[in-house]
Amino acid sequence: MKQIILFIAGAVFFVSCNNASKSDAGAAAPMNTDLLQQNLKGKVKTVTQTSATIDSTGKEKSDSLTTVDSYDEKGYNTMSQTKNDSGKITTETMAKHDSAGHVLEWVTNKDGKLASKVETELDAAGNYVGGKSYDSTGKQDGYYKELKQNEYGIVYAGKQYGMNGKIKADFTMKYDK
């Protein structure tokens, strides 16, 4: 189960890896920010999502989780917090970006303790070429290779390997235009 969660977290991480399109890589305001991908306009600093269930009578009842996403001045997601009904942060994910918007590191904490970490590897042109994943003790438990990204810098395919060199996961995502 832990490997499945790590794979999903890694896949989500690489899908959310984004940067400016290659023609705009040096621009001050990158074109492909998290806000643009989510079709949010303006100077958004946070987005709060609270789930609820509606019973058969139409009454709304709050579910157990609230998610708060924070964005930097360029529009990149820097932190995502999940809170329970009492407001306690149960999961916190932080992303570090370079000046061009590339995700350099993704750290996830659960109940205040490290759960996982992923570091990316970029080539000289700013393309994602690999990454390393770490477990809750900070020990490297895998790596990513054979990554493919589109013209917007979104990683849509790749392979995750365990430290023994065996494939842990192979992912490909298709986007409708």
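Residues numbered from 1 in each chain as written. Predicted model: local features only at pLDDT ≥ 70, side-chain atom pairs only at ≥ 80, totals over all residues. Heavy atoms only, no water.

S.K.: Explain the overall build of the chain residue by residue, including any values.
M.R.: Across its full length, the chain holds 2 helices and 10 strands. Counting from the amino terminus, helix and strand elements in the chain follow one another as α-α-β-β-β-β-β-β-β-β-β-β. Looking at the 177 residues of the chain, the share that counts as buried comes to 38%. In the chain, the proportion of contacts linking residues at least 24 apart, taken out of those at least 6 apart, comes to 29%. Carbon and sulfur atoms provide 53% of the accessible area of the chain, an area that totals close to 10,600 Å². (Helix = DSSP H or I, 4+ residues; strand = E, 2+ residues; numbered from the N terminus. Buried < 20%, exposed > 50% of the residue type's maximum accessible area, 1.4 Å probe, protein only. Contact = heavy atoms within 4.5 Å. Areas by Shrake-Rupley, 256 points an atom, 1.4 Å probe, with all protein chains shown as cover.)

S.K.: Describe the pairing of strand E7 (residues 128-134), listing the residues and the values that go with them.
M.R.: Burial of E7 is extensive: 5 of the 7 residues sit out of reach of the surface. Here strand E6 (residues 113-122) runs beside E7; their pairing, made up of 6 bridges, is antiparallel. Bridge pairing in E7 links Leu122 to Tyr128. Judged from the 4 bridges that link them, E7 and strand E8 (residues 140-149) form a sheet pairing that is antiparallel. The partner of Gly131 across the bridge, within E8, is Tyr144. Taking the residues between adjacent antiparallel strands as the criterion, E7 and E8 are bridged by 5 residues, where Gly138 takes a positive phi near 90°. (Pairing = 2+ DSSP bridges.)

S.K.: Talk me through unusual backbone geometry; I want residue IDs and the actual numbers.
M.R.: A positive phi angle is found at Asn39, which is not glycine, with a value near 60°. Positioned with a positive phi, Glu146 is a non-glycine residue whose angle comes to about 55°. Locating Glu146 in the fold gives a position in strand E8.

S.K.: Help me get a handle on the nonpolar core, residues and values and all.
M.R.: By size, the foremost hydrophobic cluster in this structure holds 9 residues: Ala95, Val103, Trp106, Val118, Tyr128, Tyr144, Leu147, Val155 and Phe171. Of all elements in the fold, only strand E5 (103-110) and E8 reach the threshold of two or more residues within this core. (Core = buried A, V, L, I, M, F, W, Y, C linked by side-chain atoms within 4.5 Å.)

S.K.: I'd like to hear about the sheet that holds strand E3 (residues 77-83), residue by residue, with values.
M.R.: With antiparallel pairing, 10 strands are arranged side by side in an open sheet as E1-E2-E3-E4-E5-E6-E7-E8-E9-E10. Edge positions in the sheet fall to strand E1 (46-54) and strand E10 (167-172), since each has one partner strand and no second. With direction set aside, neighbouring strand axes in the sheet form an average angle of 15°. The pairing of strand E4 (residues 89-97) with E5 spans 7 bridges and is classified as antiparallel. Pairing of Glu92 across the sheet is with Asn109, part of E5. (Axes fitted to C-alpha atoms, helices over the stretch in contact; angles between N-to-C directions.)

S.K.: Give a detailed account of the pattern of salt bridges, specifying residues and quantitative values.
M.R.: Taken as a whole and judged by the stated rule, the model has 5 salt bridges. Here Asp111 makes a salt bridge to Lys88, at a shortest N to O gap of 3.6 Å. Here the residue Asp111 occupies a position in the loop between E5 and E6, and Lys88 occupies one in the loop between E3 and E4, the gap between them amounting to 23 residues. Under the relative-accessibility criterion, Lys88 is labelled partly exposed at 46%. Note that Glu105 is salt-bridged to Lys117, the shortest N-O span being 3.6 Å. A residue pair is termed long-range when its members are at least 10 positions apart, and Glu105 in strand E5 and Lys117 in strand E6 qualify at 12 residues. The exposure class of Lys117 is partly exposed, given its relative accessible area of 22%. The network of salt bridges with shared partners includes Lys96, Glu105, Lys117 and Glu119. (Salt bridge = Lys/Arg side-chain N within 4 Å of Asp/Glu carboxyl O.)

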